[in-house]
Amino acid sequence: MPTITRRQLGLGAFAAAATLAVPVRAATSGTIRIGYQKTNLPVIAKQQHVVEDALKDKSVNVEWVEFNAGPPIIEALNAGAINVGWTGDAPPIFGQAAGAKIVYVAALPSNGKGEAVIAKPSSGITTIEGLKGKKVAVGKGTSAHNLLVAALESKGLSLNDIEVHYLPPPDASAAFAADQVDAWSIWDPFLAVAEVNYKPTVLVRSPDVLKVNTYFLANPDFAKDNGGTIDATLAALKTAAAWADANRGKVAEALHEVTGVPLEAQTLAAERAQFGIFPLTPEIIAGQQATADRFFKLGLIPKEIKIADAVWAKA
């Protein structure tokens, strides 16, 4: 199974399109390369071969490319190293603002209760206000970044009131375990593992302060010429989502088998996961636009963007 890391891509987060240089092989004709993280629907779809089965009659091969967070998926989409992929709400906003070549294809449920800001009981931190002046780990440009911003805002604080440590999930996990940071904004299965291991204080969960979605995205050049392939892929994912929603115990077992994450943690993650895939409605686009506007106002992105400009207009 191919895995592309940011180091292999040779990119900083959301570099301008003109500066991208990708030493990995690009996607080839007759193949759809799907960028994913080892969580929920992508893992189930991959394990059940639903996309492969849906595209067999089209003679389209499927390659799954693993990432550990959303921002490098955006970078790979921009570079044409993958054709489609899943991310949370924040990565495509940062990517669009940096000129990345991406289009929104479909929406999925948010990470919901499976995304939170946590602190160890030994830290003494029990509220978001308690983060003031503290070290907080979060992945830059991720959905957890948006959660952290929104949680601080809800209490009249900003990122300037804390000491932000931008770390990818594996590094943040190690830092949290070693008490090198005081708190962590993160999603499942990393969150579930931390909850099982440390019984942390949950300061806020995503639904407490946000109403967002996650997204299925595509490289626009691929989308322009492969609408039928994308439609068939979405239909297959919808089938997998319906199965997952009705078989959460089996979802946990599948995730445990694929990721190696303890079954107890994967069961916790599976029980609170939301499954589905649906069209981009005006309401969903407006919600994502509101997040983008907030990011610009806070200086997190360099320019105003219009989400509707990056929505796939199927030919």
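Quick note: structure is the one above.
Worth saying up front: this structure is predicted, and the values here are computed from it rather than measured. (Residues numbered from 1 in each chain as written. Predicted model: local features only at pLDDT ≥ 70, side-chain atom pairs only at ≥ 80, totals over all residues. Heavy atoms only, no water.)

Novice: Report on the side chain of Arg33, specifying residues and quantitative values.
Specialist: Within the element layout of this structure, Arg33 appears in strand S1 (residues 31–36). Within the structure, Arg33 has its side chain in polar contact with the backbone oxygen of Ala81 (distance 2.9 Å). (Helix = DSSP H or I, 4+ residues; strand = E, 2+ residues; numbered from the N terminus. Polar contact = N/O pair within 3.5 Å; in protein donor to acceptor, adjacent residues only side chain to side chain.)

Novice: I'd love a proper account of the packing of helix H6 (residues 143–154) against helix H14 (residues 282–297), names of residues and values included.
Specialist: Two quantities define a packed helix pair, namely the angle between the helix axes and the distance between the axes. Contact geometry of H6 with H14 gives a least axis separation of 12 Å together with a crossing angle of 70 degrees. Relative to H14, the element H6 is oriented roughly perpendicular. Each of Asn146, Val149, Ala150 and Glu153 in H6 lies in contact with H14, whose residues at this interface are Thr291, Arg294 and Phe295. Residue composition of the contact of H6 with H14, grouped by class: three nonpolar, two polar and two charged. (Axes fitted to C-alpha atoms, helices over the stretch in contact; angles between N-to-C directions. Parallel < 35°, antiparallel > 145°, perpendicular 65-115°, else oblique. Contact = heavy atoms within 4.5 Å. Nonpolar A, V, L, I, M, F, W, Y, C, P; charged D, E, K, R; others polar.)

Novice: Quick one: what's the story with the pairing of strand S10 (residues 214–218), residue by residue and with numbers?
Specialist: Among the five residues in S10, five count as buried, and that is most of the element. On S10, burial covers both faces: Thr214, Phe216 and Ala218 on one face and Tyr215 and Leu217 on the other are all buried. Strand direction decides the pairing type here: strand S4 (residues 103–108) and S10, joined by five bridges, are antiparallel. The partner of Leu108 across the bridge, within S10, is Thr214. (Buried < 20%, exposed > 50% of the residue type's maximum accessible area, 1.4 Å probe, protein only. Pairing = 2+ DSSP bridges.)

Novice: Run through the packing of helix H2 (residues 40–48) against helix H11 (residues 227–246), naming residues and quoting values.
Specialist: Here H2 crosses H11 at 105 degrees, and the two axes come no closer than 9 Å. Classified by the angle their axes make, H2 and H11 are roughly perpendicular. Residue-level contacts link Leu41, Ile44, Ala45 and Gln48 of H2 to Leu237, Ala240, Ala241 and Trp243 of H11. Its residues assigned to classes, the contact of H2 with H11 shows seven nonpolar, one polar and no charged.

Novice: Give a description of the pattern of salt bridges that names residues and reports values.
Specialist: Going through the model one piece at a time under the given rule, you end up with 12 salt bridges. Across the pair Arg205 and Glu195 runs a salt bridge, and its minimum N-O distance is 2.9 Å. Of this pair, Arg205 sits in strand S9 (residues 201–205) while Glu195 is found in helix H8 (residues 190–198), placing the two residues 10 residues apart along the sequence. Classification of Arg205 as buried rests on a relative accessible area of 19%. Asp231 is the partner of Lys314 in a salt bridge, and the nearest nitrogen-oxygen pair spans 2.1 Å. Here Lys314 is found in the segment after H14, whereas its partner Asp231 is found in helix H11, with 83 residues between them in sequence. Given the relative accessible area of 28%, Asp231 is considered partly exposed. (Salt bridge = Lys/Arg side-chain N within 4 Å of Asp/Glu carboxyl O.)

Novice: Could you give me a rundown of the sheet that holds strand S6 (residues 135–138), with the residues and numbers involved?
Specialist: Read from one edge of the open sheet, five strands run S7-S6-S8-S5-S9, paired in mixed fashion. Sheet topology places strand S7 (163–166) and S9 at the edges, where each strand pairs with a single neighbour. The mean inter-strand angle of the sheet, taken between neighbouring strand axes irrespective of direction, is 25 degrees. Note: strand S5 (residues 115–119) against strand S8 (residues 183–187), five bridges, orientation antiparallel. Each residue of the ladder has a partner; that of Ala119, found in S8, is Ala183. Its contacts with the sheet put helix H7 (residues 169–177) on S5, S6 and S8, and the angle it makes with S8 is roughly 145 degrees.

Novice: Describe in detail unusual backbone geometry, supporting the description with residues and values.
Specialist: A cis amide bond, omega 5 degrees, links Asp188 with the succeeding residue Pro189. Counting through the fold element by element, Pro189 comes out in the loop between S8 and H8. The phi angle at His49 is positive, at roughly 60 degrees, despite the residue not being glycine. Structurally, His49 is set in the loop between H2 and helix H3 (50–55).

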